[in-house]
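# Architecture and fold: a report
Chain residues, written in single-letter form:
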Amino acid sequence: MAFRPPFRSMATTAGRSLKIGMLPADGIGREVLPAARAAILALGSSIPKPEFIDLAAGFEHFTRTGTALPDETVSVLQQECDCAMFGAVSSPSRKVTGYSSPIVALRKKMDLYANIRPVTSVSLHQLSDCNSTAPISMPQVAADPTAKPDVDLVVIRENTECLYVKQENQVNTEHGKEARATRLITERASRRIGEMAFKTALARPRKHVTIIHKSNVLSITDGLFRETVRAVPSLPGVNGKYDEVAIAEQLVDSAVYRLFREPNIYDVMVAPNLYGDILSDAAAALVGSLGLVPSINAGDSFVMGEPVHGSAPDIAGQDIANPLAAIRSAALMLRHLGYGDGANRIEKAVDAVIREGKVLTPDLGGKSKTSEVTNEVIKRI
Ligand code: NAI
Ligand code: MG
């Protein structure tokens, strides 16, 4: 499965600018996206000159204008941008008439069918040695002498269907209210996410895919996902390409259990939308913080970087959000576009800052501000 050029052809990008749509949206999305921007700018001439296009989206935009994802944002992304970065959106937990999550909508509108979420620890043990006196939110894992092995896995989350098709309804019955949701699983979407998982595994040293499902209960929907992903290596045209990739499967509930007990059994985990969403937040706890875990939303013709975390209203506006997930998301986006050297430089700088442990935000036990951590990364790029 080849990555086709973005809507605005990569060939035309060469030698001139890289147009990046920037959608900070809400809460800490607005605090961490400038960090991603600064990291991209710090690469200098090793990538085409970045040109940032600020685009509107989010709940706050909805409350002001009545739309969470303006048509103009989508058309600029499709027609003018080579790629994009999304911050986070503050979707309310109650139904708000007329509102629908712009990130869920964007993934579908742009057909960004794969959410690729690498979860990797940078020496947990060194993190636990940092001199901070602040409470350390993660390091029970690190401080424990029987500490878990370091984590190095990728969650590949199907991004366009499952319960996220958001077909819900509620009726009144004689016993009270009754609500239902439709869960969509198609062979097409399961096949392409399966292909993404095998392709990703083939490029990694361990070459191992675990299919996450709940087919023992949902034998039709999850059954189709499981069967379709399993069949990817024998698809016409694959011609033994994935022979080296081992396949395993795990029911989603016990997958969470095993993720916490023995995370190193996992390499590439491929899952339907909801399970992938939950698993990747769980995996983030193993590496210290949601503020460290990046992702890209990838389709065949566009890529959008996005930290895994949400808008974190509990810490928004305090300049203490960890910017590293957003910065790492920028690196993943650049690598997906073919700028691997630039991506490596950003990732090495981030890893060095974490390893050194002197300038960290409070989620990692540090006392530094978002801006200070960002500057520390920039210095190293
Ligand atoms: P969350 O990811 O925003 O926060 C969970 C916990 O992690 C909070 O304690 C928060 O302070 C912490 N955290 C998250 N990112 C951090 C960072 N960069 N640095 C330091 N700490 C960080 O999840 P929550 O609280 O469940 O959701 C809050 C809002 O975010 C909701 O409105 C939800 O709809 C939205 N959300 C949006 C997402 C997106 O835009 N893709 C994804 C997940 C949630
Ligand atoms: Mg999530």
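From a predicted model like this one, the values you see are computed outputs, not experimental measurements.

Our focus in this paragraph is the side chain of Arg183. In this structure, Arg183 sits in the loop between strand S7 (176-181) and helix H8 (187-202). Separated by 3.0 Å, the side chains of Arg183 and Thr221 make a polar contact. At 2.7 Å, the side chain of Arg183 forms a polar contact with the side chain of Asp222. Apart from the residues within four sequence positions on either side, Arg183 is in contact with Cys162, Leu163, Leu218, Thr221, Asp222, Pro272 and Tyr275.

The immediate surroundings of ligand 1 are formed by 20 residues, with Ser91, Glu306, Gly310, Ala312 and Asp314 found nearest. The separation between an oxygen atom of ligand 1 and a polar main-chain atom of Gly310 is 2.7 Å. Tallied by class, the residues present in the shell around ligand 1 amount to ten nonpolar, seven polar and three charged.

For the rest of this paragraph, the subject is the nonpolar core. Nonpolar side chains tend toward joint burial in soluble globular proteins. Counting 67 residues, the largest nonpolar core has Ile20, Val209, Val270, Met333, Leu334 and Ile346 as its most contacted members. When residues in this core are grouped by element, the largest group, eight residues, is from helix H12 (residues 324-336). With residues up to four places along the chain from it excluded, the contact list for Val270 reads Ile156, Ile193, Ala197, Val209, Thr210, Ile211, Ile212, Phe225 and Val229. The next biggest cluster of nonpolar side chains, apart from the first, holds 26 residues, and it includes Ile53, Leu69, Ala84 and Val96.

In contact at an axis separation of 8 Å, H8 and helix H9 (residues 221-230) are set at 45° when each is read in the N-to-C sense. When the interaxial angle is binned, H8 and H9 end up oblique. With respect to the hand of their crossing, H8 and H9 are arranged in right-handed fashion. Mapping the contact onto sequence places Glu187, Ser190, Arg191, Ile193, Gly194 and Phe198 in H8 and Leu224, Phe225, Thr228 and Val229 in H9.

Scanning the model with the defined rule gives four aromatic pairs in all. With a centroid separation of 5.0 Å and an interplanar angle of 85°, the aromatic rings of Phe59 and Tyr99 are classed as edge-to-face. With Phe59 in helix H3 (residues 59-65) and Tyr99 in the loop between strand S3 (83-88) and helix H5 (102-109), this pair connects stretches of sequence that are 40 residues apart. Tyr99 carries the same exposure label as Phe59, and that label is buried. With 5.3 Å between their ring centres and 70° between their planes, Phe62 and Tyr99 make a pair best called edge-to-face. Of this pair, Phe62 sits in helix H3 while Tyr99 is found in the loop between S3 and H5, placing the two residues 37 residues apart along the sequence. One aromatic cluster is present, formed by Phe59, Phe62 and Tyr99 through successive ring pairs. A cation over an aromatic ring shows up here: Arg157 above the ring of Tyr164, its NZ or CZ 5.3 Å from the ring centre.

Below, the discussion takes up the sheet that holds strand S9 (residues 246-251). Sheet strands line up and pair through hydrogen bonds in the backbone, either parallel or antiparallel. Judged by pairing direction, the sheet is mixed, and its ten strands sit side by side in the order S2-S1-S3-S12-S11-S4-S5-S10-S8-S9 without closing on themselves. Strands with a single pairing partner mark the edges of an open sheet, and in this sheet they are strand S2 (49-54) and S9. Ignoring which end each strand starts from, the neighbouring axes of this sheet average 25° apart. Pairing between strand S4 (residues 114-120) and strand S5 (residues 152-158): seven bridges, direction antiparallel. Each residue of the ladder has a partner; that of Arg117, found in S5, is Val155. Each of S4, S5, strand S8 (208-213), S9 and strand S10 (268-271) is contacted by H8, which is oriented at about 165° to S5, the strand it contacts most.

What counts as what
Residues numbered from 1 in each chain as written. Chains lettered and ligands numbered in written order. Predicted model: local features only at pLDDT ≥ 70, side-chain atom pairs only at ≥ 80, totals over all residues. Heavy atoms only, no water. Helix = DSSP H or I, 4+ residues; strand = E, 2+ residues; numbered from the N terminus. Polar contact = N/O pair within 3.5 Å; in protein donor to acceptor, adjacent residues only side chain to side chain. Contact = heavy atoms within 4.5 Å. Near = heavy atom within 4 Å. Nonpolar A, V, L, I, M, F, W, Y, C, P; charged D, E, K, R; others polar. Core = buried A, V, L, I, M, F, W, Y, C linked by side-chain atoms within 4.5 Å. Buried < 20%, exposed > 50% of the residue type's maximum accessible area, 1.4 Å probe, protein only. Axes fitted to C-alpha atoms, helices over the stretch in contact; angles between N-to-C directions. Parallel < 35°, antiparallel > 145°, perpendicular 65-115°, else oblique. Left-handed = near helix turned anticlockwise from the far one by under 90°. Phe/Tyr/Trp six-rings, centres within 6.5 Å; stacked < 30°, edge-to-face > 60°. Lys NZ or Arg CZ within 6 Å of the ring centre and 35° of its normal. Pairing = 2+ DSSP bridges.

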